[in-house]
Each structure stands twice: as structure tokens, then as C-alpha cells.
Amino acid sequence: MQYCTGATRLISPLMLNVALHGMEQAAGVRARSDAETVKGSPVLVRYADDYVALCYSREQAEQVKDRLCAWLAPRGLHFNQDKTKVVHVEDGFTFLGFSVRRYVDRQGSGKLFIKPSKESVMRLRARLAADTRNLRGSNASAVIFHLNPVIRGWSAYYRSVVSGKVFDALDHHVWHLTYRWARHTHPNKSRGWVAARYFGRFNKARPTSPSSPGPRSFVTSRSTAGRRPTIQP
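Draft legend 1. The arrangement of a nonpolar patch on the surface in detail. A contiguous nonpolar patch, built from Y47, L96 and Y157 and spanning about 310 Å² of accessible area, is present on the exposed surface. With respect to the secondary-structure elements, L96 resides in the loop between β3 (93-95) and β4 (98-104). A relative accessible area of 33% places L96 in the partly exposed class.

Draft legend 2. The arrangement of the nonpolar core in detail. Counting 25 residues, the largest nonpolar core has L128, W154 and Y198 as the members making the most contacts within it. At the level of secondary structure, the elements contributing two or more residues to this core comprise α4 (118-134), α5 (140-158), α6 (164-185) and α7 (191-198). Of the residues forming this core, the biggest block, 9 residues, is contributed by α6. If we ignore the near neighbours within four places in the chain, the residues touching L128 are L147, V150, I151, V174 and L177. Listed in part, the 10 residues of the second largest apolar core include L20, A27, W71 and F79.

Draft legend 3. Region of the structure containing the layout of surface pockets. Within this model, the largest pocket holds a volume of roughly 1900 Å³. Forming the boundary of the largest pocket are 49 residues, of which Y51, V52, F93, T94 and F95 lie nearest the centre. Within the residue set of the lining of the largest pocket, elements represented by two or more residues are β1 (43-47), β2 (50-54), α3 (58-72), β3, β4, β5 (110-116), α4 and α5. Partitioning the lining of the largest pocket into residue classes produces 27 nonpolar, 11 polar and 11 charged. There is about 210 Å³ of room inside the second largest pocket. Going through the elements one at a time, β4, β5 and α6 are the ones with two or more residues in the lining of the second largest pocket.

Draft legend 4. Inspection of α5 at higher detail. The end-to-end C-alpha separation of α5 is 27 Å, in line with the 27 Å expected for 19 residues at 1.5 Å each. Maximal helix bending in α5 amounts to about 30 degrees, located at L147; proline P149 follows within four positions. Among all positions in α5, only A140, A142, V143, I144, L147, N148, V150, I151, W154, S155 and Y158 are buried. Packed against the buried residues of α5 are β4, β5, α4, α6 and α7.

Draft legend 5. A look at the sheet that holds β3. Taken together, 3 strands build an open sheet; the order of strands is β3-β4-β5 and the sheet is antiparallel. If you trace the sheet from one side to the other, it starts and ends with β3 and β5, each paired once. When the angles between neighbouring strand axes are averaged without regard to direction, this sheet yields 25 degrees. Sheet topology note: the β4/β5 ladder contains 7 bridges and is antiparallel. Note on β5: the bridge partner recorded for V100 is I114.

What counts, and where the lines are drawn
- Residues numbered from 1 in each chain as written.
- Predicted model: local features only at pLDDT ≥ 70, side-chain atom pairs only at ≥ 80, totals over all residues.
- Heavy atoms only, no water.
- Patch = residues over 30% accessible without salt bridge, like charges linked within 9 Å, V, L, I, M, F, W, Y side chains within 5 Å.
- Areas by Shrake-Rupley, 256 points an atom, 1.4 Å probe, with all protein chains shown as cover.
- Salt bridge = Lys/Arg side-chain N within 4 Å of Asp/Glu carboxyl O.
- Helix = DSSP H or I, 4+ residues; strand = E, 2+ residues; numbered from the N terminus.
- Buried < 20%, exposed > 50% of the residue type's maximum accessible area, 1.4 Å probe, protein only.
- Core = buried A, V, L, I, M, F, W, Y, C linked by side-chain atoms within 4.5 Å.
- Contact = heavy atoms within 4.5 Å.
- 1 Å grid on protein atoms, 1.4 Å probe; cavity = no way out; pocket = protein on both sides within 12 Å on 5 of 7 lines; lining within 4 Å.
- Points joined across faces, edges and corners; volume = space filled by probe spheres on them.
- Nonpolar A, V, L, I, M, F, W, Y, C, P; charged D, E, K, R; others polar.
- Expected span 1.5 Å × (residues − 1).
- Bend = angle between axes of the 7 residues up to and from the residue.
- Pairing = 2+ DSSP bridges.
- Axes fitted to C-alpha atoms, helices over the stretch in contact; angles between N-to-C directions.

The following block contains the structure:
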């Protein structure tokens, strides 16, 4: 059963790609020979069964939705009405963990920003908090070993978009998580002792007190020098 479950998880996106092949044509996407879409044509971006259709007007978006409903019906598929909606790009939408929105300034010029979605950030914060709590009683090497892949994988996924402020906030969050872990590990030691033992050696300019403003350093240990977690790419 474990093998079948794993195989199903791996093959599901492939089967969805087979089942949904031709979705772009059904949506009315028209492209030139160089793969560029014709002016006025909608653009459809799809990953497995998640997709977003970029249209020039609400009327065109409704037409694309109706076409796809008719195209999916013979295949025994239908839209998830709770997740399917037509929105203006200035109102923003979430796709594959990214928040996509165009911001318009007072002069009327717009700029498109793609950021990590709030839901994705909250899931990461909750996972890091749970992992750090479960690692109480473990040494610093174990904490770094477990947190590094999560932090590096998440930051690598979002490093190509507007993520600077999010990374800074998560840097602050991880500092507090690891500081609480260190305080729990050494309940009879002072804050200064904990800070000197685990923080600040790799960047002397960083504050070593959790009450001090500015960026924080992460938990480190002598046996894992150079392998400290980092939320910034």
C-alpha cells in the first residue's frame, strides 16, 4: 500500500496533464509559430489541475470559463466553484502559492508585483514553530539539520519574486523560535549566556539580545560552523 500511495502521488500530475491536454485550445488561446500569443487572445497558465486564464476583459474571462466548463464536462470533470472566480488583476489573486497583483499609483501608472501568498507564509511559520517545538531536547546540530532543508527549499521557491520583506519577517520569526529553543534547553542559564553560546559568532554586527532592534542571527554550533539556517537566498 505504501508503494501504491507513493506511485499515485507521483503519477497524478502526469495523468492530469494527459487528461487536460488541449485545454489551451479549448480556452481559445491563439498563438503564432514562434509560440507568442496573438494580440487579443487569452493566455492560459496551467500546472496539473491548477490554472489561471489571463484575459483582456471580464466578458472574455466569462467566455473562457464557459468554454472550459463545456470542454471538461465530457471528461467527467468540473470546476471547484469555491476556488474558481473572475477577478481584476488590481484586486489580485493567488496561484501556486504566489500572490499576483497590480498596484496603481496616483499618476495612474501600474506595476505588477508577485509575492509569496499570506497563506503560504502562515503555513511555513506554523511548520517551523511545530518543528522547533518538537526538537526540544535535541542539540543544536539536530535543530539545524531539520530546519535547513525547509528554510532553504522555501526560500529557493520564492527567491525570484518580491520577497525581501517576507524574508526579513521570517528571519525575525526564526530568531525567536530558535532563541526560545535555546532558553528551553538551558533553563538555568542567563539570556546573555544563551546568546553568547548560540548566536552572533558569524556576524558580530548582529544584535545578540532578542530585545534589540535590527536583524538577528540564527542558531549555530561549533560542530556545524557554516551550516546555519538562512531564510535569505
